[in-house]
Amino acid sequence: MSKHYITCKHCQTENVNTDYCSHCGKIINIVLERQLEQQRIKEERIQKEIHREPTATEKVFLKLRHHSNPIVRILYLIVHTVWLVVATIAAGIAYLVGMIAA
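Residues numbered from 1 in each chain as written. Predicted model: local features only at pLDDT ≥ 70, side-chain atom pairs only at ≥ 80, totals over all residues. Heavy atoms only, no water.

(A) Main features of the state of the cysteines. Enumeration over the complete set of coordinates arrives at 0 disulfides. There is no disulfide at cysteine 21, and the cysteine sulfur nearest it, in cysteine 11, is 3.5 Å away. Since its relative accessible area comes to 5%, cysteine 21 is described here as buried. The cysteine cysteine 24 is free of any disulfide, with cysteine 21 supplying the nearest cysteine sulfur at 3.6 Å. Taking the relative accessible area as the measure of exposure, cysteine 24 reaches 35% and is therefore partly exposed. (Disulfide = S-S within 2.5 Å. Buried < 20%, exposed > 50% of the residue type's maximum accessible area, 1.4 Å probe, protein only.)

Next up, the structure:
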């Protein structure tokens, strides 16, 4: 195995075949540093999405779904079901048009 010398950009120590500096312990492998940074950014995005506040529209839908009046809940379910059926039919038509055009 060949010796690969890397100079630490923090303490200027020469290191041989390692990902971390033997003197200060910082990451000196650029690829590993980028991977760890990408993982950290991904985890921050996930945490941000978990802790985000619902939008005004989402709040309205949640209120309607869990409303204390059963008539409001039934109307919400009917409208939601009709919307799903219409969206499914529209997606099917778009699929058929795409298949015919191809």
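(B) View of helix α1 (residues 30-50). For α1, which comprises 21 residues, the first-to-last C-alpha distance of 30 Å matches the rise-based estimate of 30 Å (1.5 Å per residue) to within 8%. Among the residues of α1, the N-terminal cap falls to asparagine 29, whose side-chain oxygen and the backbone nitrogen of valine 31 are separated by 3.0 Å. (Helix = DSSP H or I, 4+ residues; strand = E, 2+ residues; numbered from the N terminus. Expected span 1.5 Å × (residues − 1). Polar contact = N/O pair within 3.5 Å; in protein donor to acceptor, adjacent residues only side chain to side chain.)

(C) Layout of the pattern of salt bridges. Evaluated as defined, the whole model comprises 5 salt bridges. Between lysine 9 and glutamate 33 there is a salt bridge, and its shortest N-O distance comes to 3.6 Å. With lysine 9 in the loop between β1 (5-7) and β2 (14-16) and glutamate 33 in helix α1, the pair connects residues that are 24 residues apart, well separated along the chain. Taking the shortest distance from any N to any O, the salt bridge between glutamate 49 and arginine 52 comes out at 2.9 Å. Under the relative-accessibility criterion, arginine 52 is labelled partly exposed at 38%. (Salt bridge = Lys/Arg side-chain N within 4 Å of Asp/Glu carboxyl O.)

(D) Region of the structure containing a nonpolar patch on the surface. A cluster of nonpolar side chains, namely Ile71, Ile74, Leu75, Ile78, Val82 and Val86, defines an oily patch on the protein surface of about 580 Å² accessible area. Here isoleucine 78 lies in helix α3 (residues 70-101). On the basis of relative accessibility, which here comes to 48%, the residue isoleucine 78 falls in the partly exposed class. (Patch = residues over 30% accessible without salt bridge, like charges linked within 9 Å, V, L, I, M, F, W, Y side chains within 5 Å. Areas by Shrake-Rupley, 256 points an atom, 1.4 Å probe, with all protein chains shown as cover.)

(E) Layout of α3. Between its terminal C-alpha atoms α3 stretches 46 Å, which fits the 46 Å expected from 32 residues at 1.5 Å a residue. For α3, the side-chain oxygen to backbone nitrogen distance between the N-cap and isoleucine 71 is 3.1 Å, and the N-cap itself is asparagine 69.

(F) Up close: the packing of aromatic side chains. Scanning the model with the defined rule gives 1 aromatic pair in all. Relative to tyrosine 76, the ring of phenylalanine 61 has its centre 6.3 Å away and its plane inclined at 45 degrees; by these criteria the two rings are tilted. With phenylalanine 61 in helix α2 (residues 56-65) and tyrosine 76 in helix α3, this pair connects stretches of sequence that are 15 residues apart. Phenylalanine 61 gets classed as partly exposed once you look at its relative accessible area, which sits at 42%. (Phe/Tyr/Trp six-rings, centres within 6.5 Å; stacked < 30°, edge-to-face > 60°.)

Note that all results are geometric; they support no functional claim without further evidence.
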